[in-house]
Amino acid sequence: MSQAVGDVSQPPESSLAVTTSESARQKRKIAALEEKLQVLESGHAVKLRETNYYMSKGRAIRRIVTLFDTVEDMISENDRRCDLDEDEDDNTQRFADMVRHDSQERLQIGYIALNHALPWFHPKASDMEYEDYTLMLKKLRQGADAARGDDTSKLKSLVADWVNREFNPNPPVDPEDKHHRGFINDASGRLLCPTELDWNNPIVRAGIRDRADGYVVMEMSWPAFLYEKYSADQNNLEEGLFKGTLLLQAFKAIFTSPSSAKEVAGEGDGADVIANNRRAMKNFNSGKKVKTHLRFALSSVTSWRSVDGDFDYIPFWQNIVDFFERPPGRAAQRKVDQLLAWWTRKVFGTSRRAELTDGAKAQMSVNALARQRAQLDDAMFNSD
């Protein structure tokens, strides 16, 4: 009996399974795989949205933060200052001397401007994994460079049209070909000519074109296009500086619309000047950028680079920034403020709402209609 019991074999493990059709099992496997694929695609979509977001936000960097400095350099400078601030053994004077170094100061100002333009950047960059952080910087950089490329491309044809209309040069400036711009062309050469030189003098023109001694064009000279009526008073070089018509047209073309650049003679369109003053302050650096881009558009250089012959765009940009941000005293600061107010009026217009009296407002049709309706209602109530 015991032997018989021992001979009874245990049922195989597979027999515990409830029989299910192969078709049903395959359907469930397919559904599970589709779910995994959906999760993967969803993650890819999130990454794609993040990438597009960073690239779109990066466009602000070259427009209202800095034209040449990299985000990495600005971050490094801020980190350097944090390290020095935390090191109690560092000499205070040494720290102050390092802070005052021009290039470091510009980088730190740029980092502050970056965080004003992108308020989320600093806290997000502090919390991200390094791989995500480097990807974000890469996409911001791509967006920044793309914006600069778009702006220079836009000005390429527009500037040609503006110059041809204003100066009627013969031959005209080609909107598609930059090889015949710069000092080769009389109109663009006149605008690029240093204000201390007289372009009307054939000796000057020949000297500039030959890069002869005494006629080398460098970033240490203000070009004529920066000035009102493209002419400077050598005894008062600040008069009319940064009031050139082409400057206004270039700014409007980039930051409002190309069509708005056609009209720069009067004030702006009369929009809300309070709100637009905030925009003007936010776009403070952008006006300085436009001056550099306009110089590039007038030149014969066909692709963006920081050096054009003897002219270096980086110190040129820095000279413009220093004019606005480092005035030597209170009188110079007042003139800078007046110049910025002039730009605000020319681009955005003025508002006279505050000048209206209550009596004048009362006579306006909206208020007049309200009074008439109230009077009619009162009359009907009294008649009842």
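Everything that follows concerns the structure shown earlier in this document.
Summarised in this report is the structure supplied together with it. (Residues numbered from 1 in each chain as written. Predicted model: local features only at pLDDT ≥ 70, side-chain atom pairs only at ≥ 80, totals over all residues. Heavy atoms only, no water.)

So, on to the packing of helix α10 (residues 245–255) against helix α14 (residues 330–348). Helix packing for two helices is described by the angle between their axes and how far apart those axes are. For the pair α10 and α14, interaxial distance at closest approach is 11 Å and the crossing angle is 60 degrees. The angle between α10 and α14 falls in the class oblique. Relative to α14, α10 is oriented so that their crossing is right-handed. Contact residues: Leu247, Leu248, Phe251 and Lys252 in α10; Trp342, Trp343, Lys346 and Val347 in α14. The class makeup of the residues in the contact of α10 with α14 is 6 nonpolar, no polar and 2 charged. (Axes fitted to C-alpha atoms, helices over the stretch in contact; angles between N-to-C directions. Helix = DSSP H or I, 4+ residues; strand = E, 2+ residues; numbered from the N terminus. Parallel < 35°, antiparallel > 145°, perpendicular 65-115°, else oblique. Left-handed = near helix turned anticlockwise from the far one by under 90°. Contact = heavy atoms within 4.5 Å. Nonpolar A, V, L, I, M, F, W, Y, C, P; charged D, E, K, R; others polar.)

For the rest of this paragraph, the subject is the nonpolar core. If you look at the biggest cluster of nonpolar residues, it comprises 54 residues, and the most contacted ones within it are Trp162, Phe242 and Trp343. Elements that contribute at least two residues to this core include exactly α7 (130–167), α8 (186–192), α9 (202–210), α10, α12 (284–298), α13 (313–325) and α14. The element best represented in this core is α10, accounting for 8 residues. Apart from residues no more than four positions distant in its own chain, Phe242 is found in contact with Trp222, Leu226, Leu247, Lys291, Ile320, Phe323, Phe324, Leu339, Trp342 and Trp343. (Core = buried A, V, L, I, M, F, W, Y, C linked by side-chain atoms within 4.5 Å. Buried < 20%, exposed > 50% of the residue type's maximum accessible area, 1.4 Å probe, protein only.)

Side chains of Glu228, Asp233, Glu238 and Glu239 sit close together on the surface and give a patch of like negative charge. Counting through the fold element by element, Glu228 comes out in the loop between α9 and α10. Taking the relative accessible area as the measure of exposure, Glu228 reaches 39% and is therefore partly exposed. (Patch = residues over 30% accessible without salt bridge, like charges linked within 9 Å, V, L, I, M, F, W, Y side chains within 5 Å. Areas by Shrake-Rupley, 256 points an atom, 1.4 Å probe, with all protein chains shown as cover. Salt bridge = Lys/Arg side-chain N within 4 Å of Asp/Glu carboxyl O. Lys, Arg positive; Asp, Glu negative; His and termini not counted. Charge placed at Lys NZ, Arg CZ, Asp CG, Glu CD.)

With respect to the element layout, Arg148 can be found in helix α7. Taking the relative accessible area as the measure of exposure, Arg148 reaches 14% and is therefore buried. At 3.1 Å, the side chain of Arg148 forms a polar contact with the backbone oxygen of Leu67. Residues in contact with Arg148, not counting those within four places in the same chain, are Arg62, Leu67, Phe68, His293 and Trp304. (Polar contact = N/O pair within 3.5 Å; in protein donor to acceptor, adjacent residues only side chain to side chain.)

What follows deals with the pattern of salt bridges. Pairing is possible between side chains of opposite charge, provided their charged atoms come close. This model, assessed by the stated rule, comprises 13 salt bridges. For Arg59, the salt bridge goes to Asp150, with nearest N and O atoms at 2.8 Å. One end of the pair, Arg59, is in helix α2 (residues 22–65); the other, Asp150, is in helix α7, and 91 residues separate them in sequence. On the basis of relative accessibility, which here comes to 25%, the residue Arg59 falls in the partly exposed class. Asp151 is the partner of Arg63 in a salt bridge, and the nearest nitrogen-oxygen pair spans 2.8 Å. With Arg63 in helix α2 and Asp151 in helix α7, this pair connects stretches of sequence that are 88 residues apart. Of the two residues, Arg63 and Asp151, both sit in the buried class. Among the ionic contacts, a cluster of salt bridges with common partners joins Glu77, Arg80, Arg81 and Glu105.

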